[in-house]
Amino acid sequence: MVLKVFFPSCCSSADSGILIGRWISEQNSAVILAVVHFPFIPVQVKQYLGEVQRVTKVSVSVLGSWSNSKQEKEESLSEFLEDLGTIFCHEPWIQISKEGDSKFWSCSTLQKHSKNPQEEEIILVYYDQRKVMLSHLHPPSDTAGQRAEDASKLSAIFDTVARSQVLFMTDRYDEGPIKLTHWQSDGVEASIIVELMKQASVPACMLLTFLLSLLSGICRSRVLKFWPLSFLWSKLSTCEQLGHRLQHLQVISSNKKAQNQNQLMRKANIFVSLLIDVALGILLMSWLYRKNLIGHLADTLIPVADHVAEELQDLLQWLMGAPAGLKMNRALDQVLGRFFLYHIHLWISYIHLLSPFIEMILWYVGLSACLGLTVALCILSDIIALLTFHIYCFYVYGARLYCLKIYGLSSLWRLFRGKKWNVLRQRVDSCSYDLDQLFIGTLLFTILLFLLPTTALYYLVFTLLRLLVVIVQGLIHLLVDLIDSLPLYSLILRLCRSYRLAAGVKFRVLEQQDGKPLRLLMQINPLSYGAVVQTYRLPTYSCYPKDSWASLCKKLFLGELIYPWKHKGEKQN
């Protein structure tokens, strides 16, 4: 039988005393938490351990004795330490002693109440108590068998040290009857700045919670549920991002205490994400207004819009002729070309009508960057959508016309084969048609078939233009989602204090000698950066469609509308 003793490295130079910790019988392991020094009264030690056990819910007890022979030269000390085993009554009674200047330690066990005492092989494992207490173990999610069992054993050790935090709040300067040695025995770690921030955060969170409750009440009011406002709120990405950030503010301003480590990390990640987002937005705003880029952008917007309109007119004139040497249906070609040219004329008039107000609109849009860089990017995406609304209309017209002809040809093709689509049963059934129906179907099929190349060319050109706009908007939303979902606090923690995010442990052999316990050093393996992002990634407001390339090509062929993203609760067409 192997006995594993986890000993804190901070207690290696402690004075002689007794070892207190937790005995894990399932693993035949002892986790040493602190050393109680002489002199002490056993009754007071038992009362103190009872209070600690009541607060921490950890079965803390006296596990054995610790003898530092470099500090104590009395020969009767070892006998006295053995006699303590009869007072505290723990089986087995662990005895650890440091042999003067020797680098080897002796570790033995006593089993006074056992009828058949067995000699056990002892492994002495050193661990950094501060790192183990502050770290959060993340065992791999795909563990199975032996690896899952090892992960549960490590979790029990980490959980024991983390839940015994109350035990580490006493240092040598406390005027109590019991003197302890642990990782904070020289002084409890504290920061004046952190304590002041904790005191100031309470009224700040109360005020922020009150303001957010008013704002969320306004957002949930019936006024926003009427048609124009509800439509704009569901379609504009700026409104979606503001609602997403409002939920984040409600999470971090909540007065409910985090129940576990994951909730605490989520709050910290949201707070740091909001802080960096606002800081980047303020930097962008200062850069825009310091160099008067708003005025230059407003001056160049109208010429750019005119140039785009001229290019679209040239493209339509090319399509109305003989594009790439193709023979088009002239009547349909002229009708579609003039229809789209009229829409371009309307769009130019719409832009020139807004030209006196463009600089003022851009000036107020620049001020919105103080709400965060993501809000400014969402406003940019909405502006691109408004400026390219005519291209979207062209795409919708072409897609609907092309889709109508495709479905018409498929229905007429079933007519030739004596089939029809059963709407009730959602299947193709046999059907007999008379001569008039076959004649009319042949005429319609011929007309649609010869008009299809002209419609398909317009649909192809406007689909490419629409995809270009979709790609630009998709890149903007990818950047917004990256800022929203990236766990910045976890990544900073992984960079500066990697032991806080533990993926597991590794053991390094310190000393090994026959007749002496094997001495190991337990070191923490941090999570990889990819695992940190995957574990603590924040949810975003937009849901990208999971269509495969085959599904996407099928939608393009059938003329179905394609959107770059869809919001929650919105179905993909």
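Within each chain, residues carry numbers counting from 1 in the order of the written sequence. Given that the model is predicted, a residue must reach a pLDDT of at least 70 before its local features are reported, and side-chain atom pairs must reach 80 or more before they are shown or counted; all residues, however, enter totals for whole chains, interfaces and linings. Computation of side-chain values: all heavy atoms of the structure, hydrogens and water removed.

Colleague: Describe the nonpolar core, with residues and values.
Modeller: The biggest cluster of nonpolar side chains holds 40 residues, and the ones touching the most others in it are Val45 and Leu167. Of all the elements, helix H4 (residues 146-163) adds the most residues to this core, at 5 residues. Contacts: residue pairs with any heavy atoms within 4.5 Å of one another. Leaving out residues up to four positions away in the same chain, Leu167 has contacts with Ile20, Leu33, Ala34, Tyr48, Val52, Leu180 and His182. In these notes, a set of buried Ala, Val, Leu, Ile, Met, Phe, Trp, Tyr and Cys residues joined through side-chain atoms within 4.5 Å is what counts as a nonpolar core. Throughout this description, buried means an accessible area under 20% of the type-specific maximum (1.4 Å probe, protein chains only), exposed means over 50%, and partly exposed covers the range between. Ala305, Leu362, Ile391 and Leu451 belong to the second-largest nonpolar core, a separate cluster that totals 35 residues. Think of it this way: any DSSP run of H or I at least four residues long counts as a helix, any run of E at least two long counts as a strand, and we number them from the N terminus.

Colleague: Tell me about the environment of Ile524, residues and numbers included.
Modeller: Among the secondary structure elements, Ile524 is positioned in strand S13 (residues 518-526). Exposure remark for Ile524: the relative accessible area of 18% places this residue in the buried category. Considering only alpha carbons, one finds Ile524 and Phe507, 17 residues apart in sequence, at a separation of 8.9 Å.

Colleague: An account of the pairing of strand S11 (residues 427-430) is needed here, citing residue identities and associated values.
Modeller: Successive side chains on a regular strand alternate, one facing one side of the sheet and the next facing the other. Two strands qualify as a pair provided DSSP detects at least 2 bridges between them. Both strand S10 (residues 419-422) and S11 contribute to a ladder of 4 bridges, which runs antiparallel. What sits directly across from Lys419, in S11, is Ser430. Counted between consecutive antiparallel strands, the loop separating S10 from S11 contains 4 residues, among which Gln426 sits at a positive phi close to 55°.

Colleague: How would you summarise the pattern of salt bridges if you had to cite specific residues and measurements?
Modeller: Put simply, a salt bridge is a Lys or Arg side-chain nitrogen that is within 4 Å of an Asp or Glu carboxyl oxygen. As enumerated under the stated definition, the model contains 3 salt bridges in all. Between Arg245 and Asp277 there is a salt bridge, and its shortest N-O distance comes to 3.0 Å. Here Arg245, found in helix H7 (residues 237-252), pairs with Asp277, found in helix H8 (residues 261-290); they are 32 residues apart in sequence, far enough to count as distant. On the basis of relative accessible area, Asp277 is assigned to the buried category, the value being 1%. Taking the shortest distance from any N to any O, the salt bridge between Asp484 and Arg245 comes out at 2.9 Å.

Colleague: Explain the environment of Val469 to me, and be specific about the residues and the numbers.
Modeller: Residue position: Val469 is located in helix H14 (residues 435-485). Ignoring sequence-local partners within four residues, the contact set of Val469 consists of Ile384, Thr388 and Ile391.

Colleague: Which residues make up helix H9 (residues 293-320), and what values do they have?
Modeller: A helix is expected to span 1.5 Å for every residue after the first. Compared with an ideal rise of 1.5 Å per residue, which puts 28 residues at 40 Å, H9 spans 40 Å between its outermost C-alpha atoms and is within 8% of the ideal. Most pronounced at Leu301, the bend in H9 amounts to some 30°, and the proline Pro303 follows within four residues. Burial in H9 covers these residues: Ile294, Gly295, Ala298, Ile302, Ala305, Ala309, Leu312, Leu316, Leu319 and Met320. In this structure, the buried side of H9 is in contact with H8, helix H10 (330-354), helix H11 (358-367), helix H13 (389-416) and H14. Each residue is assigned a bend, namely the angle between axes fitted to the seven residues that terminate at it and the seven residues that start at it.

Colleague: Requested: an account of unusual backbone geometry, with residues and values cited.
Modeller: Although it is not a glycine, Asn28 adopts a positive phi angle of roughly 55°. Position of Asn28 among the secondary structure elements: in the loop between strand S2 (17-24) and strand S3 (29-37). On the accessibility criterion, Asn28 (7% relative accessible area) is buried. If you check the backbone angles, Lys57 has positive phi at about 60° while not being a glycine. You can see Lys57 is positioned in the loop between helix H1 (42-56) and strand S4 (60-68). Residue Lys57 is classed as exposed on the basis of its relative accessible area, which comes to 63%.

Colleague: Can you tell me about H14, naming the residues and giving the values?
Modeller: An α-helical segment advances 3.6 residues per turn. Residues three or four places apart therefore align on the same side. Here H14 spans only 63 Å end to end across 51 residues, well under the 75 Å set by a 1.5 Å rise per residue. Largest kink in H14: about 40°, centred on Leu452, with the proline Pro453 one to four residues after it.

Colleague: So what's going on with the environment of Ile270? Which residues, and what values?
Modeller: Locating Ile270 in the fold gives a position in helix H8. The class of Ile270 is buried, set by a relative accessible area of 1%. The spatial distance from the C-alpha of Ile270 to the C-alpha of Asp484 is 8.3 Å, given a sequence separation of 214 residues. Setting aside anything within four residues of it in sequence, one finds Ile270 in contact with His248, Val251, Ile252 and Leu538.

Colleague: Report on the packing of helix H12 (residues 373-387) against H14, specifying residues and quantitative values.
Modeller: Two elements in contact, H12 and H14, have axes whose closest approach is 10 Å; the angle formed by their N-to-C orientations is 165°. In terms of axis orientation, H12 runs roughly antiparallel to H14. At the point where H12 passes H14, the crossing takes the left-handed sense. Taking contact as the criterion, the partners of Leu373, Thr374, Leu377, Cys378, Leu380, Ser381, Ile384 and Ala385 in H12 are, on H14, Val469, Val472, Gln473, Ile476, His477, Leu479, Val480, Ile483 and Asp484. The angle between two axes is taken between their N-to-C directions and runs from 0 to 180 degrees, where each axis is a line fitted to C-alpha atoms and a helix contributes only its stretch in contact. Throughout this description, any angle smaller than 35 degrees is read as roughly parallel, any larger than 145 degrees as roughly antiparallel, any in the 65 to 115 degree range as roughly perpendicular, and the remainder as oblique. Each crossing gets its handedness from the near helix: less than a right angle anticlockwise from the far helix is left-handed, clockwise is right-handed.

Colleague: How would you sum up the UniProt feature "transmembrane region" (unreviewed entry) in the protein? Please name residues and give values.
Modeller: Mapped onto this numbering, the UniProt entry annotates "transmembrane region" (unreviewed entry) at residues 200-219, 270-289, 335-354, 361-388, 394-416, 437-461 and 467-492. Annotated as 79% helix and 0% strand, the span residues 361-388 places its first and last C-alpha atoms 17 Å apart. In this annotation, residues 467-492 is assigned 92% helix and 0% strand; the end-to-end C-alpha distance for the span is 37 Å. UniProt positions are given in the numbering used here, feature names are shortened, and annotations may be inferred rather than shown by experiment.

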